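# Overview (structure and organization)
Take a look at the letters that make up each chain.
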Amino acid sequence: MQFAPYLLDATVPPEGRPQPPPSGRRSEARTYMEERAESAGIQFTQGRTHRSSSLLSLQAAEYVADHGLPADAFHRAVFEAYFEDLEDIGSVDTLVRIAEGAGIPGEGLRQALEDGVYRERVEEAVEGARMAGVRSVPTFIFDETYAIVGAQEYETFQAVMKELGREPRAEGEG
């Protein structure tokens with residue numbers, strides 16, 4: 001699997017913005033998305049007061065990929081920091097700490113983020129995804145032909161693999 005840059009919310013400025021609490025009383029019932037995320041080991045914590053721009057975290061992901069570092073661990077750690085721990089993934093310090101926790105040396109990452117080494121690449125990729133019709137995450141693209149949008153059942157992925165003439169993996173297989 002290869003991750004491609006896509007902004008979580010393109011309206012958020014690079015410095016982020018305050019997020020007011022939801023109006024009205026929130027039901028204790030979890031949403032479908034929260035239940036699906038939980039089944040994948042991701043919790044959504046309520047109470048966010050700051051919405052981060054994902055631009056820096058996307059640049060960090062490009063750095064990780066370019067240097068052959070543990071991308072899956074980094075992505076998982078960023079998701080956890082943002083959705084579970086309500087951290088600001090638009091902060092260089094936060095991203096360096098997350099990366100170091102995932103076994104990635106922080107100083108090279110810090111320098112790349114501060115210098116904006118990956119900014120243009122990320123911006124071009126985000127624009128390319130928009131031009132290709134990607135409007136939400138997750139979007140899974142297979143052979144630049146088929147797209148699955150949203151959190152779908154595993155059977156949906158198996159059907160696409162069969163359509164492409166490939167043997168799909170059994171559910172839970174590596």
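How each quantity is defined
Each residue is numbered by its place in its chain's sequence as written, counting from 1. Totals for whole chains, interfaces and linings use all residues, but because this is a predicted model, local features are given only for residues with pLDDT of at least 70 and pairs of side-chain atoms are given and counted only at 80 or more. Based on all heavy atoms of the structure, the side-chain values leave hydrogens and waters out of the count. What we call a nonpolar core is a set of buried Ala, Val, Leu, Ile, Met, Phe, Trp, Tyr and Cys residues that are connected through their side-chain atoms within 4.5 Å. A simple rule labels every residue: compare its accessible area, found with a 1.4 Å probe on the protein chains alone, to the largest value its type can have, and call it buried under 20%, exposed over 50%, or partly exposed in between. Put simply, DSSP marks the helices as runs of H or I at least four residues long and the strands as runs of E at least two long, and each gets a number from the N terminus on. Only heavy atoms matter for contacts: two residues are in contact if any of them lie within 4.5 Å across the pair. What makes two strands pair is DSSP finding at least two bridges between them. Stacked, tilted and edge-to-face pairs are distinguished by plane angle, under 30 degrees for stacked and over 60 for edge-to-face with tilted covering the rest, among Phe, Tyr and Trp rings (Trp via its six-membered ring) whose centres lie within 6.5 Å. Any Lys NZ or Arg CZ found within 6 Å of a ring centre and within 35 degrees of that ring's normal is scored as a charge over the ring. Put simply, a salt bridge is a Lys or Arg side-chain nitrogen that is within 4 Å of an Asp or Glu carboxyl oxygen. Helix axes use the C-alpha atoms of the stretch in contact, all axes being lines fitted to C-alpha atoms, and the angles between their N-to-C directions lie in the range 0 to 180 degrees. Roughly parallel here means an angle under 35 degrees, roughly antiparallel means over 145, roughly perpendicular means 65 to 115, and every remaining angle is called oblique. Helix crossings are classified by the rotation of the near helix relative to the far one: an anticlockwise turn of less than a right angle makes the crossing left-handed, while a clockwise turn makes it right-handed. When residue character is reported, Ala, Val, Leu, Ile, Met, Phe, Trp, Tyr, Cys and Pro are called nonpolar, Asp, Glu, Lys and Arg charged, and the others, Gly included, polar.

Our next topic: the nonpolar core. Proteins that are soluble and globular tend to have nonpolar side chains buried together. Phe74, Leu95, Ile98, Leu109 and Leu113 are the most contacted members of the largest nonpolar core, which totals 21 residues. Of all the secondary-structure elements, those providing two or more residues to this core are α2 (55-66), α3 (71-84), α4 (92-101) and α5 (106-115). Dropping the residues within four chain positions of it, Phe74 is found in contact with Ser57, Ala60, Ala61, Val64, Leu95, Ile98, Ala99, Ala102 and Ile104. In terms of nonpolar packing, the next biggest core, distinct from the first, is built from five residues, Phe142, Ile148, Val160 and Met161 among them.

Here four bridges tie strand β3 (residues 139-142) to strand β4 (residues 146-149), and the two strands are oriented antiparallel to one another. Bridged to Phe140 within β4 is Ile148. What sits between β3 and β4 in their antiparallel hairpin is a turn of three residues, with Asp143 showing a positive phi close to 50°.

What follows is about the packing of aromatic side chains. Inspection of the entire model under this criterion finds five aromatic pairs. Aromatic pair Phe140 and Phe157: ring centres 4.9 Å apart, planes at 85°, arrangement edge-to-face. Taken together, the residues Phe140 in strand β3 and Phe157 in helix α7 (residues 154-163) connect sequence positions 17 residues apart. By the ring-pair criterion, three or more aromatic residues cluster together here, those being Phe44, Tyr82 and Phe83. Over the ring of Tyr82 we find Arg48, and its NZ or CZ is 3.7 Å from the ring centre.

This next bit is on unusual backbone geometry. Positive phi outside glycine occurs at Leu86, with the angle close to 60°. Looking at the secondary structure, you find Leu86 in the loop between α3 and α4.

On to the side chain of Ser53, then. Structurally, Ser53 can be placed in the loop between β2 (50-51) and α2. The exposure class assigned to Ser53 is buried, which follows from its relative accessible area of 5%. If sequence neighbours within four positions are ignored, Ser53 has contacts with Val12, Pro13, Pro14, Gly16, Ile89 and Gly90.

Turning our eyes to something else, we now look at the environment of Asp93. One can find Asp93 in helix α4. Along the backbone, Asp93 and Gly106 are 13 residues apart, and their C-alpha atoms lie at a distance of 9.3 Å.

The next point concerns the pattern of salt bridges. According to the stated counting rule, one finds 11 salt bridges in the structure shown. A salt bridge links Arg110 to Asp93, with the nearest nitrogen and oxygen atoms 2.7 Å apart. Of the two residues, Arg110 is situated in helix α5 and Asp93 in helix α4; the sequence distance between them amounts to 17 residues. Ionic contacts of the salt-bridge type, sharing partners, join the residues Asp93, Glu107, Arg110 and Glu114 into one network.

What follows is about the packing of α2 against α3. Axis separation between α2 and α3 bottoms out at 10 Å; the angle between their running directions is 165°. Taken as axis vectors, α2 and α3 run roughly antiparallel relative to one another. In this structure, α2 meets α3 at a crossing whose hand is right-handed. Packed against α2, whose contacting residues are Ser57, Ala60, Ala61 and Val64, the element α3 presents Ala71, Phe74, His75 and Val78 at the interface. By residue class, the composition of the contact of α2 with α3 is six nonpolar, two polar and no charged.

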